[in-house]
Amino acid sequence: MTHRGALALVAAIGFVAVAGCGGNMAPPDPGSNPENAAARGAILYARQCAICHGKAGEGTSGPPLRGTTRARDTLVNLIDATMPKGDPGRCRGQCAADVADYILAGFKAAPLQCGEGTASARRLRLLTRREYLATVGDLVAPQSGPPAPCDRYTFTFDPKGRQLNTVHVAGNFNNWPPTISGGGWKMAYDGARKVWSVEHALAPGTYAYKFVLNESEWVQDPANPASTPDGFGGQNSVLVLQCSNASSRLAYDPTTGFPPETRPEGFAYDDNADARVVTTVHITEYLKAAQQLSKTALDNLGTILPNCDFNSNKTGCADQFVRTFGQRAFRRPLTDAEINRYKTLLLNQAAWRDGVSLVVQSFLVSSSFLYRSEIGEMQQDGSIRLTHWETASALSYLFWGTMPDQALFDAAQSGELNTPAGVEKQARRLLKDARSRDMVGLFALQWLGVEGVSTANKNQSLFPGFSDDVRKSMAEETRRFVAELVAGGGTFDQLFTADYSYLNQSLAGLYGAAPVNGNALVKSPVPDARKAGVLAHGSVLASYAYPDQTSPIRRGLFVRRNLLCQEFPPPLPNAGSIPAVNPDSTTRDRFKQHTANPVCAACHNYIDPVGFGFERFDAIGRARDTENGRPVDSSADMNDLEGLGSSTHAAFASPVELGRLLAKSPSARECFARQFYRFARGTLDGPADLCAVAAIADQFQSSGWNISDLMLAVAKSPDFVRRK
């Protein structure tokens, strides 16, 4: 079909692409309890305003606010339009009104009173690039059986009756060991099946390997036709291991032309609902992708629509296809009008396959596919609740990043998701499934802000070891560490105190850890200086550094913003540039200007003293004791840990010591709960979310800070399904 024909199709089917559909569909909630206004304002002021205006309005880099004579309306409008500095509009509507009430109350407020709380706005959420890719994969290339795990692989060798003493696996994942004692993966003989086999951890990737018989004879895997020259006149077997997710089942990426996804200031995740709107570029790319994906759907038609003979039952098969594929595409049952429209479109085509192709394309460019609906429906008590089908999607995209599976659709159909117990049951099932590890790992990379380490730029003359493989391994280390920690029932403190990580040969060498053979990441102990969980990961240390030097500012801001949710204004225009590298001085000496300059000190007194604690690691995360021939001074201060302006101090001198402070910090724990809430809801938390987040944080505490329980608490929260 030509693009002109596809555009005509869109008009006929009724594509809805409204700029702004990703945003709020209602004005800010006025708040169900006006007496809570100052209490909400106190929390919001501490988060967004105190750094510039002082803890109690005494003024620091910004003017004092205590005793202001401005009228309330004037103050509200000023905050709404201009604050916080550097991100005007962040505190609009209810936020501006609450902060103004707190200021006018003389910076005094009773504790926040939370009853039922308030609900979030109804909205449509445009699928992110990754959600789109996973969803279309599930739609047009569905899996016929249960998914295979992403991180395990079973090697099997059939000796064809030959008697062998030993068989082991050697490859580029374990440095080609010729013997079992030298690191070969020993295979066990299964007498019943009469084969040798071994299961081993392997990250997704491409590997070369051979079987070694009796520690002397090297042979290809006879069951694997993929091979590559071994450099000695023979062939190595080639294994391409991919996670069993939907996108990996596609032979192409239909999202390559999609516009870049923007993330508002202060929002770390790729799913911000307010920032995601359809443009003309989106429409063109959606049409192109739909044409391509319809061909894949036809290739998999036997799986999508099994046991239907179109030749003998044309109308029946058309009805079955529209109903089943349509429900999966729209993630809800189709209306009678929709069924008739799509059936007519299919049956009006001369060839069955042409009709299926056209219907698939029309489904994939429909707003009902492209948007996740969180509109809900009115209840008898006047509240608005997500429909069963909307709840199913909210759960599946949170825990799996894709459309619901059949069990979740069945739960929606039966009404199971109408009760908190039913929602919790499905949430537990989804989180327990191995597919949730991808989403947990994604959350970790975005929470820490280290997705870009895979393409991080470093001065290769200074850091020649910072190769593509090392960068990718750093990202995978962090993803794997957090995903496995959560799957194993890990707790918040372990994020910052773990004495192990997942290393391969390159990372182990970079970290100075015990040797690891091959490219596969395996759970490994780390040196004492790195027993700080994610704080000592190369992904973090390299992401928050400059191409040619470390950065106490970036590393300090990382702790303040990502781990403590403390907000800072942008640098002043006269703040100066990055200090040039001086071969006669240390980074600490060069960055003294920030705390020595009164203009800069208001913020940098909170940033630099934290960042200096990472100075024993260079710009790519290697440990060091000296810089330019001078001893490194990593003495640091985690000042005002529990809130800016609290005038507290906590000395530390390494990520290990900082990790111990963060592991026990109420502010860090509450921030982590807020961060996952943001990831789940696709929006920055505001006045309407304060009580919901507080309740989730309380459940987090009650669980002993178990991370899985925190994730379940978000799904169990009344706010998860309630809207205004």
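Our structure is the block above this text.
Because the structure is predicted, anything quoted here is derived from the model rather than measured. (Residues numbered from 1 in each chain as written. Predicted model: local features only at pLDDT ≥ 70, side-chain atom pairs only at ≥ 80, totals over all residues. Heavy atoms only, no water.)

(A) Quick look at the state of the cysteines. This structure, assessed with the given rule, holds four disulfides. The connectivity of the disulfide bonds within the protein chain can be written as 1-2, 3-8, 4-5, 6-7, using the sequence rank of each bonded cysteine. The structure places no disulfide on C49, whose sulfur is separated from the nearest cysteine sulfur, that of C91, by 6.1 Å. Note on C49: relative accessible area 13%, which makes it buried. There is no disulfide at C52, and the cysteine sulfur nearest it, in C603, is 5.6 Å away. For C52, a relative accessible area of 11% gives the class buried. (Disulfide = S-S within 2.5 Å. Buried < 20%, exposed > 50% of the residue type's maximum accessible area, 1.4 Å probe, protein only.)

(B) Examining the pattern of salt bridges more closely. All chains considered together, the criterion is met by 43 salt bridges. Note that E374 and R723 form a salt bridge whose closest N and O atoms lie 3.2 Å from each other. With E374 in strand β11 (residues 371-374) and R723 in strand β20 (residues 722-723), this residue pair connects regions lying 349 residues apart in the sequence. Look at R723 and you get buried, because its relative accessible area is 3%. Taking the shortest distance from any N to any O, the salt bridge between D528 and K531 comes out at 2.9 Å. Overall, D528 belongs to the exposed group, its relative accessible area being 59%. Each of R125, E131, D271, R372, E374 and R723 takes part in one network of salt bridges that share partners. (Salt bridge = Lys/Arg side-chain N within 4 Å of Asp/Glu carboxyl O. Helix = DSSP H or I, 4+ residues; strand = E, 2+ residues; numbered from the N terminus.)

(C) A look at helix α26 (residues 666-681). For α26, built from 16 residues, the straight-helix expectation of 22 Å at 1.5 Å per residue is met to within 8% by its first-to-last C-alpha distance of 22 Å. Looking at where α26 begins, the residue whose side-chain oxygen comes 3.2 Å from the main-chain nitrogen of S667 is S665. Taken from the residues just after α26, G682 is the one with a positive phi, measuring 70°. (Expected span 1.5 Å × (residues − 1). Polar contact = N/O pair within 3.5 Å; in protein donor to acceptor, adjacent residues only side chain to side chain.)

(D) Local environment of empty space enclosed by the protein. Following the criterion strictly, the structure yields seven cavities of 30 Å³ or more and no others. Taken as a whole, the second largest cavity spans an internal volume of roughly 50 Å³. Contributions of two or more residues to the lining of the second largest cavity are made by α6 (129-140), α13 (388-399) and α26. A class-by-class count of the residues in the lining of the second largest cavity yields five nonpolar, no polar and five charged. (1 Å grid on protein atoms, 1.4 Å probe; cavity = no way out; pocket = protein on both sides within 12 Å on 5 of 7 lines; lining within 4 Å. Points joined across faces, edges and corners; volume = space filled by probe spheres on them. Nonpolar A, V, L, I, M, F, W, Y, C, P; charged D, E, K, R; others polar.)

(E) Up close: the sheet that holds β20. As summarised here, the arrangement of the three strands in space is β12-β13-β20, forming an open sheet in which the pairing is antiparallel. The strands lining the two open edges of the sheet, one partner per strand, are β12 (377-378) and β20. By the bridge criterion, two bridges tie β12 to strand β13 (residues 384-385) in an arrangement that is antiparallel. Looking at β13, one finds that M378 is bridged to I384. (Pairing = 2+ DSSP bridges.)

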